[in-house]
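# Overview (structure and organization)
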Amino acid sequence: MKIIQTFWSSGRNPLEHSFGWPHAEYNLMSWTLSCLSLREHFDRVELYTDKRGYEVLIEKLHLPYTQVHVIYDDNLCLPQHWAYAKIKTYSLQNEPFLHIDGDMYFPKPIPQEILGAGLVAQNREIGTSYYQGMMNRVLAHPEFKLPQFIQETLDNGTMASYNMGIFGGNDIDFIHRYCQEVFAFFEANHMNDASVEYSNEECNVFFEQIFLAAIVDKEKKEVKGLISSSIIDNGYQNKDFANLRQYEGKEFFHVLGGMKGKNDNCRQLARALLRTAPETYRTICHELHQKRQPVVIADDKDSGIFHYKLHIWNCLVTWEGYDQEEIEKQELCSARYRDFTLSDDKDRFLIEKANLFSIYEIPDTWKRSDRKLLHARLGCPETFTLKRVGIVPVSHKIGYDEFYLTEDETEILSLIGHNKMTQEEIVEAITQKYWTSRTNDIGRQRLELFYKGEIARLMELGMLVARR
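A brief look at the structure comes next.

### Some remarks on the overall build of the chain
A count of helical and extended segments in the chain gives 18 helices and 15 strands. Relative to the compact-globule value of 23 Å for 468 residues, the chain shows a C-alpha radius of gyration of 25 Å, a close match. With respect to the principal axes defined by its C-alpha atoms, the chain has extents near 75 × 50 × 45 Å. Of all 468 residues assigned to the chain, the portion counted as buried reaches 53%. When the accessible surface of the chain is totalled, it reaches about 22,000 Å², and 47% of it is carbon and sulfur.

See below:
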């Protein structure tokens, strides 16, 4: 089975534009991890792209695609109709294929029943008011010319679609018919003419996903899903699709939509790539280093946030005095925290504090407005009593990572001090402080499990490291 991917820049610089991610480097990390994971399982992984895509993904990052087709240009379609580029790629295929989006990763092989299916998608979707809102914006333009099969679908009150993070199969004739229906819709409605008012409507879900479901239902075709059950259009859960801390243990991941904006997902993406391909990770960080936004301290000098940002600035200045190799070594050790967490013999590891990190103590004098800003910045609920923030140097993002610390995590760091301890020694020492004769065995086991989880989180965040 041939695997294909489409990277269309729409004339934007991939070293500057983020394509839905918080920073451009996360987009490049995502494409890298996607390509590398597919090459683990397939001998043919081809890329359809434009000049800018070739310059970055191939010439700079050297991603191991087996063939690259530089056939698109800036004017392929309007930028808001990015799914059109994917459909163009589908239409060029004359043999069985699977098209994989650049935000999907496959740590494990794709099942054989998927590879042999006539048609493949990630899963069928059940439309709700979420997709209906998108449709209403399109249908608000009465001059839109809709195909008969789409009109019948709307008249029936259905809003079925398919998630097409993965799409393709062996039924090439059907796929060509589907593509031609989309192309005819574009031509009839002048969707690539920016002077036409409704061409500015972002309707990728409509012409890619809803069109497919309508044609499938019309022809009574069967679509094999990576997920066999249907999912409501706004029902995708981060824990099921984007929790990359479980990277080695799941069949696939799809960091779709708003999941790209979550700090934890971006952090785990960077860690997964650093574990998988440290050299490519370094290349991406190096290419983006000069394009990062600096720490901007434009707040009221009397505000708490001003002093917090100033603290970060001072940390960055201090870390610049260290050898970059030392920072990279600490970062790589942190990225390999799962060597410890997945080990059956954890007593063979010694745990110690990382060399480079900082803890910011939030003064009691902080105003509520400052605390609210910091809660939002760190992505923690406002009900959480925020007292300390951990800051560590990283090569990605803007040179540092920040996260809230719990009281128990702070206590663990204090307990370890300058020592090297096993997990059992740490848990035993800290559990003894709360052990009483009235605590039963189940209570103690829960307490131990809790502290093991806190140790694992500190490793994941880069404040503790474990070495054999």
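### Some words on the sheet that holds strand 14 (residues 400–405)
On the basis of which strands lie adjacent, the open sheet formed by three strands has the order 12-13-14 and antiparallel pairing. Bordering the open sheet on either side are strand 12 (358–361) and strand 14, each of which pairs with just one other strand. On average, each strand axis in the sheet is tilted by 25 degrees relative to the strand beside it, whichever way the strands run. Strand direction decides the pairing type here: strand 13 (residues 388–393) and strand 14, joined by six bridges, are antiparallel. Across the sheet, residue Pro393 finds its bridge partner in strand 14, namely Tyr400.

### With respect to the packing of helix 16 (residues 407–416) against helix 17 (residues 423–432)
Each pair of packed helices can be summarised by the angle the axes make with each other and by the distance between the axes. For the pair helix 16 and helix 17, interaxial distance at closest approach is 11 Å and the crossing angle is 115 degrees. Put simply, helix 16 runs roughly perpendicular to helix 17. Once helix 16 is placed against helix 17, the crossing between them reads as right-handed. Note on element contacts: helix 17 touches helix 16 through Ile426, Ala429 and Ile430, opposite Asp408, Glu411, Ile412, Leu415 and Ile416. Looking at side-chain class alone, the contact of helix 16 with helix 17 contains six nonpolar, no polar and two charged residues.

### Quick look at helix 16
Burial analysis of helix 16 places seven of its ten residues in the buried class, which makes it a mostly covered element. Regarding helix 16, the residues found buried are Asp408, Glu409, Thr410, Glu411, Ile412, Leu413 and Ile416. Just downstream of helix 16, Gly417 is the residue with a positive phi angle, here 55 degrees.

### Remarks on the environment of Phe241
Mapping Phe241 onto the fold places it in helix 9 (residues 238–241). Taking the C-alpha atoms as reference points, Phe241 and Leu256, separated by 15 residues in sequence, lie 8.1 Å from one another. Apart from residues no more than four positions distant in its own chain, Phe241 is found in contact with Gln122, Ile227, Ile231, Tyr236, Lys250, Phe252, Phe253, His254, Val255, Leu256 and Met259.

### Remarks on the pattern of salt bridges
Per the counting criterion, the structure on display carries 30 salt bridges. Among the ionic pairs, Glu95 bridges to Arg44, the shortest N-O distance being 3.0 Å. Pair noted here: Glu95 is in the loop between helix 3 (83–91) and strand 4 (97–100) and Arg44 is in the loop between helix 1 (24–39) and strand 2 (45–50), with a separation of 51 residues, a long-range link. Take Glu95: its relative accessible area is 32%, and that puts it in the partly exposed class. On the accessibility criterion, Arg44 (33% relative accessible area) is partly exposed. Overlapping salt bridges, with partners in common, bring together Arg245, Asp264, Arg267, Asp401 and Glu460 in one network.

### Re the nonpolar core
With 56 residues, the main nonpolar core has Met29, Leu57, Leu98, Tyr105, Phe106, Ile110 and Ile166 as its most contacted residues. If you tally residues by element for this core, the top one is helix 1, at eight residues. Of all hydrophobic cores here, the second largest spans 50 residues; its members include Ala160, Phe185, Met191 and Phe207.

### Looking at unusual backbone geometry
Only a minority of non-glycine residues have a phi that is not negative, and only a minority of peptide bonds are not trans. One non-glycine residue with positive phi stands out, namely His190, at about 50 degrees. You can see His190 is positioned in the loop between helix 7 (172–188) and helix 8 (204–219). On the basis of relative accessibility, which here comes to 47%, the residue His190 falls in the partly exposed class. The backbone of Lys220 shows a phi angle near 55 degrees, a positive value even though the residue is not glycine. Lys220 sits in the exposed class, given a relative accessible area of 72%.

### Some words on the pairing of strand 6 (residues 120–126)
Taking burial as the measure, the seven residues of strand 6 include five buried ones, the bulk of the element. Looking at chain direction, strand 6 and strand 7 (residues 161–169) are connected through five bridges and run antiparallel. The residue bridging Arg124 from the neighbouring strand is Tyr162, located in strand 7. Taken together, the two bridges between strand 6 and strand 8 (residues 224–225) define a ladder with parallel strand orientation. Among the inter-strand pairings, Val120 is bridged to a residue of strand 8, identified as Lys224.

### Let's talk about the packing of aromatic side chains
Summed over all chains, the structure comprises 23 aromatic pairs. Look at Phe144 and Phe185: their rings are 5.7 Å apart centre to centre, the planes differ by 15 degrees, and that puts the pair in the stacked class. Here the residue Phe144 occupies a position in the loop between helix 5 (129–139) and helix 6 (148–155), and Phe185 occupies one in helix 7, the gap between them amounting to 41 residues. When sorted by exposure, Phe144 lands in the same class as Phe185, which is buried. For the pair Tyr360 and Trp366, a centre-to-centre distance of 6.3 Å together with 50 degrees between the ring planes defines the contact as tilted. As far as burial versus exposure is concerned, Tyr360 and Trp366 are alike and both buried. The ring of Phe183 has Lys88 sitting right over it, with the charged end atom 5.7 Å from the ring centre. In this structure, Lys346 is placed above the aromatic ring of Phe340, and the distance from its NZ or CZ to the ring centre is 5.8 Å.

### A word on the environment of Leu350
Within the fold, Leu350 resides in strand 11 (residues 350–353). A sequence separation of 71 residues divides Leu350 from Met421, and the C-alpha atoms of the two residues are 5.3 Å apart.

Criteria and thresholds
Residues numbered from 1 in each chain as written. Predicted model: local features only at pLDDT ≥ 70, side-chain atom pairs only at ≥ 80, totals over all residues. Heavy atoms only, no water. Helix = DSSP H or I, 4+ residues; strand = E, 2+ residues; numbered from the N terminus. Rg over C-alpha atoms; globule rule 2.2 N^0.38 Å. Buried < 20%, exposed > 50% of the residue type's maximum accessible area, 1.4 Å probe, protein only. Areas by Shrake-Rupley, 256 points an atom, 1.4 Å probe, with all protein chains shown as cover. Pairing = 2+ DSSP bridges. Axes fitted to C-alpha atoms, helices over the stretch in contact; angles between N-to-C directions. Parallel < 35°, antiparallel > 145°, perpendicular 65-115°, else oblique. Left-handed = near helix turned anticlockwise from the far one by under 90°. Contact = heavy atoms within 4.5 Å. Nonpolar A, V, L, I, M, F, W, Y, C, P; charged D, E, K, R; others polar. Salt bridge = Lys/Arg side-chain N within 4 Å of Asp/Glu carboxyl O. Core = buried A, V, L, I, M, F, W, Y, C linked by side-chain atoms within 4.5 Å. Phe/Tyr/Trp six-rings, centres within 6.5 Å; stacked < 30°, edge-to-face > 60°. Lys NZ or Arg CZ within 6 Å of the ring centre and 35° of its normal.

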